[in-house]
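Now for the letters of each chain:
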Amino acid sequence: CNPKGRFNPSFSRLSWRTDKTNKNDMEWTEILKLIHYDPKTGVFTRLVNMAPNARIGDILGTDNGKGYLKFRIYKKKYYAHRVAWLYMTGKWPKHDIDHINGNSLDNRWENLRDVTTVVNCQNRRVASKNQLSTGLLGSYEDHGRFKAMIQVDRKPIYLGMYATAQEAHAAYLDAKRKLHEGCTI
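Residues numbered from 1 in each chain as written. Predicted model: local features only at pLDDT ≥ 70, side-chain atom pairs only at ≥ 80, totals over all residues. Heavy atoms only, no water.

## Things to note about the sheet that holds strand β2 (residues 43–46)
Thought 1: Read from one edge to the other, the open sheet built from three strands follows the order β1-β2-β3, with strand pairing classed as antiparallel. Where the open sheet ends on each side, the last strands, each with one partner, are β1 (35–38) and β3 (59–60).
Thought 2: Contacting β1 and β2, helix α3 (residues 80–89) crosses the sheet at an angle of about 90° to β1. (Pairing = 2+ DSSP bridges. Helix = DSSP H or I, 4+ residues; strand = E, 2+ residues; numbered from the N terminus. Contact = heavy atoms within 4.5 Å. Axes fitted to C-alpha atoms, helices over the stretch in contact; angles between N-to-C directions.)

And the structure:
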């Protein structure tokens, strides 16, 4: 899984998630002094003035254009969901932070979990954009009918041909719930 939702073996994860390395990242005790996180709402607020236009009490975070909240602390960019994990556990996450309900702007503590990239990708709710896709997960047009397919351990599994895209999608969801440990749909 990559930011565009297509598999590309030459794509480097670190090229788009540089903050995932945690190299030179702030420590938990530093974060606690600078910001407040409300686990019930997922909202971050400033505890100190960090810049001329950044006031105490300001809400942190802007949509980075890809559906995730980011903010800066002393000129370094951070993903809000990763900082929420640090704030609550005292440690940076080991893997990806998955938004359980599929809404990547919802950073409430109950909506976050530290999972591998494979499990995180299994929780996708939007179909990849390619010429065969119907816009529904697991449903592809094939000569006027609709094929249902799912991947498990990087291997495609054929689920059958259906008269409608919705029937193929339903077959995909049924298989997904059984075969993908990270599925929360």
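There's more to say after this.
## Description of the pattern of salt bridges
Thought 1: Enumeration according to the criterion identifies four salt bridges in this entry.
Thought 2: Measuring nitrogen to oxygen at the nearest pair gives 2.2 Å for the salt bridge that ties R108 to E110.
Thought 3: For R108, a relative accessible area of 22% gives the class partly exposed.
Thought 4: A salt bridge links D174 to K178; the nearest nitrogen and oxygen atoms lie 3.3 Å apart. Placement of the pair is D174 and K178 together in helix α5 (residues 165–179), with a separation of four residues, close to one helical turn. (Salt bridge = Lys/Arg side-chain N within 4 Å of Asp/Glu carboxyl O. Buried < 20%, exposed > 50% of the residue type's maximum accessible area, 1.4 Å probe, protein only.)

## Things to note about the packing of aromatic side chains
Thought 1: Applying the stated rule across the entire model yields six aromatic pairs.
Thought 2: Look at Y78 and W92: their rings are 5.9 Å apart centre to centre, the planes differ by 10°, and that puts the pair in the stacked class. Taken together, the positions of Y78 in strand β6 (residues 76–79) and W92 in the loop between α3 and β7 (96–99) put the pair 14 residues apart, joining distant regions of the chain.
Thought 3: Exposure remark for W92: the relative accessible area of 15% places this residue in the buried category.
Thought 4: On the basis of an interplanar angle of 40° and a centroid distance of 4.9 Å, the ring pair of W85 and W109 is categorised as tilted. In this pair, W85 is assigned in helix α3 and W109 in the loop between β7 and β8 (112–115), connecting sequence segments 24 residues apart.
Thought 5: Taken together, the ring pairs connect Y37, F44, F71 and Y87 into an aromatic cluster.
Thought 6: Lying across the ring of Y79, K70 places its NZ or CZ 4.4 Å from the centre. (Phe/Tyr/Trp six-rings, centres within 6.5 Å; stacked < 30°, edge-to-face > 60°. Lys NZ or Arg CZ within 6 Å of the ring centre and 35° of its normal.)

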